[in-house]
Amino acid sequence: QAVGSGGGGGERAPKRLKASVPTSAAQWSQMQAAGRLAELSATVLKEYLRAEGLTLGGKKDDLVARVSGHIQERALQDLNAPPPLALTGPAGGRVAGCRKTLPHVLERRASGVPSSNYLRRGG
């Protein structure tokens, strides 16, 4: 028998590839939707729970259920959230009490040029 051959005679099972660690809320949601949270290590699941301020204790199945429940809860909150404000409104994109349109005002602010109201108030 050769040195370092292991001597077991049987073949080793191929190594399982580790699941990639999600880094964004979207990736966590995708893993949850695909039912792949159980592929993550308990350490990774606990990192998520810690970041979200949730309980860390329990067996791995408990951690998976807690993370999955939190992701579902967050998705429901996102569905019930009010829509973002539109840049244009009933006044044709004009800011109330201003002759300029909102995109123009935002462009001026981004360029660092102070508005005339800012100059009148004295800073």
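Small disclaimer: the values here were computed from a predicted structure and weren't measured.

### Looking at the packing of helix H2 (residues 42-51) against helix H3 (residues 60-80)
Working step 1: Between H2 and H3, whose axes approach to 10 Å, the crossing angle comes to 40 degrees. Classed by the angle they form, the pair H2 and H3 counts as oblique. In the crossing of H2 with H3, the sense of the turn from one axis to the other is left-handed. Contacts between H2 and H3 pair Ala42, Leu45, Lys46, Tyr48 and Leu49 from the former with Lys60, Leu63, Val64, Arg66, Val67, His70, Ile71 and Arg74 from the latter.
Working step 2: Tallied by class, the residues present in the contact of H2 with H3 amount to 8 nonpolar, 1 polar and 4 charged.

### Brief notes about helix H1 (residues 25-33)
Working step 1: All buried positions along H1 are accounted for by Trp28, Met31 and Gln32. Down the axis of H1, the buried set is contained in an arc of 100 degrees. They therefore lie on one face. Away from its buried face by more than 90 degrees, H1 exposes Gln30 and Ala33.
Working step 2: Along its buried surface, H1 packs onto H2 and H3.
Working step 3: Looking one or two residues past H1, Gly35 carries a phi angle of roughly 70 degrees, positive in sign.

Rules used throughout
- Residue indices follow the written sequence of each chain, beginning from 1 at its first position.
- With pLDDT at 70 or above as the cut-off, local features in this predicted model cover only qualifying residues; side-chain atom pairs require 80 or more to be listed or tallied, and sums for whole chains, interfaces and linings still use all residues.
- Side-chain metrics rest on all non-hydrogen atoms present in the structure, leaving aside hydrogens and water.
- Helix axes are fitted only over the stretch in contact, all axes being lines through C-alpha atoms; the angle between N-to-C directions runs from 0 to 180 degrees.
- Under the scheme used here, helices are H or I runs from DSSP no shorter than 4 residues and strands are E runs no shorter than 2 residues, and both carry numbers assigned from the N terminus.
- Under this scheme an angle from 65 to 115 degrees is roughly perpendicular, one under 35 degrees roughly parallel, and one over 145 degrees roughly antiparallel; angles in between are oblique.
- Here is the rule for handedness: rotate from the far helix to the near one, and if that takes an anticlockwise turn smaller than a right angle the crossing is left-handed, while a clockwise turn gives right-handed.
- What makes two residues a contact is simply this: any of their non-hydrogen atoms within 4.5 Å.
- The residue classification treats Ala, Val, Leu, Ile, Met, Phe, Trp, Tyr, Cys and Pro as nonpolar and Asp, Glu, Lys and Arg as charged. All others, Gly included, are polar.
- We call a residue buried when its accessible area falls under 20% of the maximum for its residue type, exposed when it is over 50%, and partly exposed in between, using a 1.4 Å probe and counting protein chains only.
- Directions from the helix axis toward the C-beta atoms define the arc.

Treat this as a map of the structure, not an account of what it does.
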